[in-house]
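Report on the structure
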Amino acid sequence: MASEQDTSLAAADIYAESLLELADERGIAEELFGEFESLVAYIESDEGFAGFLASSAVDDDDRRESLRRIFAGRISEILLNLLLVLNDHNRAGIVPLVFDRFKARFDEQHNRQDVYVASAVPLDDDQRAEIGAGVSAAIGKEAVLVERVDPELLGGLIIKVGDTQFDGSLRRKLARMREFVKERGRQEILSGKHDFWVD
Amino acid sequence: MTRINADEIRSVIKEEIAQYRPEIEVAEVGRVLEVGDGIARVYGLKRAMAGELLRFKDKDRGPAGQVFNLEMNSIGAVILGDYLDIKEGDDVFSTGLLLSVPVGEALIGRVVDPLGNPLDGKGAIQSPHRRSLEYKAPGIAERQPVNEPLQTGIKPIDSMIPIGRGQRELIIGDRKTGKTAIAVDTIINQKDNWGTDNAVICVYVAVGQKESTVASVVEVLREHGAMDYTIVVEAGSSDPAPLQYIAPYAGCAMAEYFMYDEGKATLCVYDDLSKQAAAYRQLSLLLRRPPGREAYPGDVFYLHSRLLERSCKLAEERIVVAKDAPEDTKQGVNGKVYIGVPGEWESEADVKEMGEDSHEVRTLPGTGGSLTALPIIETLEGEVSAYIPTNVISITDGQIYLEPDLFFAGVRPAVNVGISVSRVGGKAQNRAMFGVASSLRLDLAAYRELEAFAQLGTELDAATQAQLDRGARMVELLKQPQYQPYHVVDQIIAIFAGVNGYLDDLPVSRVMAFEQALLKHVRDEFPEVWQELDETKKLPPVEDRLHEIIKNFKPRFAEVAEEEGSGASS
């Protein structure tokens, strides 16, 4: 049984596909991407506006007028049209989902993939370049690094590509070593080969 | 004074650290989208498989979950354990494993939750064996017909609704009619078998019950020494629904270990499956599976059928060996392995051919195990044609109906022998018991037919009155106190006395006392008769002697009664 999220995602995918096709026809896909990205970033930062888009309490006609007033001349025509078309179909709330799918298709087209990198301290340019090159070579696509700093890692990196995570952090190595020593120690004690007591 | 040798410990740890090879750990990781009410929606993990074990937050020690729904862009998972710690955005690791529980000797005598974590405060469970929660039931070739009795120690059941090892017998009735009591008495009755070849290992699965109730059941089992051979698996009513859902499967897996790996007889009590169905309904509805009849999901039949199909009697494997061959011989003299019931006949024929003085048949150890299931279903207002009861009735090999009317009329165990049935029946019954039980059945059936007349209080002809009197005494005879299971030989003697009319001249109120006194009399003064009946399991050889014994006992009982009577009045 599909969840609500699944049906919305399916709808978003259709809008994203059409949007990308249109943008490609006009050769403006790259700029649109950047613009769309910042629009969604704004929606996610402004709870009130996000609510305004998603709420069914707002009359569609009123919302249409408001969107026109807010965005005309401030965003590209194609993006504004997207908002209005979504609104006409009572789907203004799925704008961020449309972006997710748009980005997924866009990255696919340009052979790009987001790679999530977490490190204990911020990466410097050399490290960034090295990691980017290494991962790109491994996955056969252009790796777009999304960085996160987490001092709790203590050192090393965690790199996540799609579903697969490579955990080379010091924190994880120490945890595993601890488990290893505990388990081996327990086996050694049970084996009876050592004399742990003295009189 | 002993003290710890720190140097020794230090050197061991140093050696381990030196041997350790750090690696980069690769894992499939997803993200929690929504969580609550025991379920979580997970994004990512595109390669996860249905039923796979997941771990939230920490790959090794985080709360466990199981993949329930595979959807286009997300996974619906049930959380096995406390979901309050899990937040949106948390990592979810796939393990590539199926859900499994620890099994083995270490579990015996313990009270555990469905994941194998101890609940009795007696320390961690250390067991080298694990078994998958889901297991494919054995096919036809691996089974053989049920042919050994599982003695419950309860008179109406062992006589007229006998249960065999490997059978599924449903205990069904309204609340507070004594369903759990039957299961507990059955478990307690296995005490005499413990330590012999006939031993039965018991698993009691408590689903959705009050913790206080389960605690008192455990206490009763402990008092009667039953915890020496029993495992208790508990998912109480305040435990998350996913744990209540998997609890019966966990219990079944623990019993299966003993059946498959050690060829032992096992008993699994599921108390009760109605609550498991309700928990499964909760999970399914939360994960948006379409509701069917009574809001249960469409596969609620499969929920119970796959559990109960795992109860079986495995085929015994036999070999023919020389009489003096060592105990652990695994190869027959002719290299043949005889399987199941046809194998039994064939092997005996072959031994005759080879010479009965020089050869014998041996059963290979580890084969011929069994898992008997006693599922319990609670009905509402006696409605046995409701959805879940009818499902389980169609799956099991018979039902024991308990009725509130009988219970409140003082008939305890409140078994309605008229409509209760065991589809395995006499084939797996002690032969001597089989002999006396048929008369018992007839007497009670006649009694039931005439019961209405008894209420009218009209004048009846002698024959009818006799039947009524006999029936009333047999009903009285079948009553027994809780936690006092009867040995099958005692049951045979008691019923023998009843069906042969020795109770007919006693007041109904004296029947119990007579029975107790008679049984004590036989045990004390004629132990050889008792033994013979126990060992041969045949009635005809001792029949005449039993008639003698009872005839001679009756006057003595009457005397004692008179004394007591006169003693009371003076």
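Residues numbered from 1 in each chain as written. Chains lettered and ligands numbered in written order. Predicted model: local features only at pLDDT ≥ 70, side-chain atom pairs only at ≥ 80, totals over all residues.

1. Focus: the overall build of chain A
A count of helices and strands for chain A gives eight helices and five strands. Listing each helix as α and each strand as β along chain A from the N terminus yields α-α-α-α-α-α-β-α-β-β-β-α-β. At 25 Å, chain A has a C-alpha radius of gyration far larger than the 16 Å of a compact globule built from 199 residues. Principal-axis analysis of the C-alpha atoms places the extent of chain A at approximately 90 × 40 × 30 Å. Within chain A, buried positions represent 18% of all 199 residues. Across chain A, contacts joining residues at least 24 apart in sequence account for 65% of those joining residues at least 6 apart. (Helix = DSSP H or I, 4+ residues; strand = E, 2+ residues; numbered from the N terminus. Rg over C-alpha atoms; globule rule 2.2 N^0.38 Å. Buried ≥ 20, exposed ≤ 12 C-beta atoms within 10 Å, placed from the backbone. Contact = placed C-beta atoms within 7 Å.)

2. Quick notes on the overall build of chain B
Per the secondary structure count, chain B includes 16 helices and 20 strands. The dimensions of chain B, computed from C-alpha atoms along their principal axes, are 90 × 65 × 60 Å. Evaluated residue by residue, chain B yields a buried proportion of 44% over its 570 residues. In chain B, of all internal contacts separated by at least 6 residues, the share reaching a separation of at least 24 is 73%.

3. Observations regarding the domain arrangement of chain B
Residue and element names in this part refer to chain B. By the assigned domains, chain B splits into domain 1 (29-98), domain 2 (106-313 + 369-427), domain 3 (317-356) and domain 4 (430-569). Here domain 2 and domain 4 have C-alpha centroids that lie 32 Å from each other. Of the residues lining the interface, 21 residues belong to domain 2; the matching set on domain 4 comes to 19 residues. Mapped by element, the contributors of at least two residues to the side of domain 2 that touches domain 4 are helix H2 (155-160) and helix H3 (179-189). Considering only residue class, the side of domain 2 that touches domain 4 consists of nine nonpolar, eight polar and four charged. (Domains from an automatic or database assignment. Nonpolar A, V, L, I, M, F, W, Y, C, P; charged D, E, K, R; others polar.)

4. Describing the sheet that holds strand S12 (residues 200-207) of chain B
Residue and element names in this part refer to chain B. Ordered by their spatial adjacency, eight strands build an open sheet running S9-S13-S12-S14-S18-S11-S19-S20, and the pairing between neighbours is mixed. The open sheet terminates on both sides in strands that have one partner only, identified here as strand S9 (111-112) and strand S20 (421-422). Taken together, the two bridges between S9 and strand S13 (residues 230-235) define a ladder with parallel strand orientation. What sits directly across from Val-111, in S13, is Val-232. (Pairing = 2+ DSSP bridges.)

5. Concerning the domain arrangement of chain A
Partitioning chain A into domains gives domain 1 (4-108) and domain 2 (112-190). Centre-to-centre, using C-alpha coordinates, domain 1 of chain A lies 35 Å away from domain 2 of chain A.

6. Quick notes on unusual backbone geometry
Residue and element names in this part refer to chain B. Across the junction of Asp-271 and Asp-272, the peptide omega takes the value -5 degrees, indicating a cis bond. Along the polypeptide, Asp-272 turns up in the loop between strand S14 (265-271) and helix H6 (273-286). Positive phi values are uncommon outside glycine, yet Asp-37 reaches one of about 55 degrees. You can see Asp-37 is positioned in the loop between strand S2 (25-36) and strand S3 (39-44). Classification of Asp-37 as partly exposed rests on a count of 15 C-beta atoms within 10 Å. With a phi angle near 60 degrees, Lys-176 is a residue other than glycine that sits in the positive phi range. Within the secondary structure layout, Lys-176 lies in the loop between strand S11 (170-173) and H3.

7. Things to note about the interface of chain B and chain A
By a widespread convention, an interface's size corresponds to the accessible area lost as its parts come together. Between chain B and chain A, the residue contacts involve 32 residues of the former and 28 residues of the latter. Listed by contribution, the elements that provide at least two residues to the side of chain B that touches chain A are strand S1 (3-4), helix H1 (6-19), S2 and S3 of chain B. For the side of chain B that touches chain A, a count of residues per class yields 14 nonpolar, six polar and twelve charged. Of the strand pairs in this sheet, strand S4 (residues 164-167) of chain A and S2(B) are connected by four bridges, and their pairing is antiparallel. Counted as the bridge partner of A:Thr164 is B:Glu28 from S2(B).

8. Remarks on the packing of helix H13 (residues 488-499) of chain B against helix H14 (residues 511-525) of chain B
A pair of packed helices is characterised by two quantities: the angle between their axes and the separation of those axes. Residue and element names in this part refer to chain B. The interhelical angle for the contact between H13 and H14, taken along N-to-C directions, is 125 degrees, at an axis separation of 10 Å. Regarding the angle of H13 to H14, the classification is oblique. Classified by chirality, the crossing of H14 by H13 is right-handed. Judged by residue contacts, Asp-490, Ile-493, Ala-494 and Ala-497 of H13 engage Glu-515, Leu-518, Leu-519 and Val-522 from H14. The residue makeup of the contact of H13 with H14, split by class, is six nonpolar, no polar and two charged. (Axes fitted to C-alpha atoms, helices over the stretch in contact; angles between N-to-C directions. Parallel < 35°, antiparallel > 145°, perpendicular 65-115°, else oblique. Left-handed = near helix turned anticlockwise from the far one by under 90°.)

9. Here's the deal with helix H11 (residues 431-456) of chain B
Residues and elements named next belong to chain B. The terminal C-alpha atoms of H11 lie 39 Å apart, and with 26 residues this matches the ideal 38 Å at 1.5 Å per residue to within 8%. Of all the bends in H11, the largest measures some 50 degrees and sits at Leu-450. Regarding H11, the residues found buried are Ala-432, Met-433, Val-436, Ala-437, Leu-440, Asp-443, Leu-444 and Tyr-447. Buried residues along H11 sit in contact with H2, helix H12 (462-477), H13 and helix H15 (527-536). Once H11 finishes, Gly-457 follows within two positions and takes phi at roughly 70 degrees, a positive value. (Expected span 1.5 Å × (residues − 1). Bend = angle between axes of the 7 residues up to and from the residue.)

10. Quick notes on the sheet that holds strand S16 (residues 338-339) of chain B
Residue and element names in this part refer to chain B. On the basis of which strands lie adjacent, the open sheet formed by three strands has the order S16-S15-S17 and antiparallel pairing. Edge positions in the sheet fall to S16 and strand S17 (359-363), since each of these pairs with one other strand and no more. Pairing between strand S15 (residues 317-322) and S17: five bridges, direction antiparallel. Bridge assignment links Ala-322 to a residue of S17, and that residue is His-359. Relative to S15, helix H8 (residues 340-354) is tilted by about 10 degrees, and along the sheet it contacts S15, S16 and S17.

11. Let's talk about the pairing of S3(B)
Residues and elements named next belong to chain B. For S3, the tally of buried residues reaches five of six residues, placing the bulk of the element in the interior. Where S2 lies against S3, six bridges are found, and the strand directions are antiparallel. Bridge pairing in S3 links Gly-30 to Gly-44. The hairpin formed by S2 and S3 contains two residues between the paired strands, and Asp-37 there has a positive phi angle of roughly 55 degrees. The pairing of S3 with strand S6 (residues 74-80) spans five bridges and is antiparallel. By the bridge assignment for S6, Ala-40 is matched with Ala-77.

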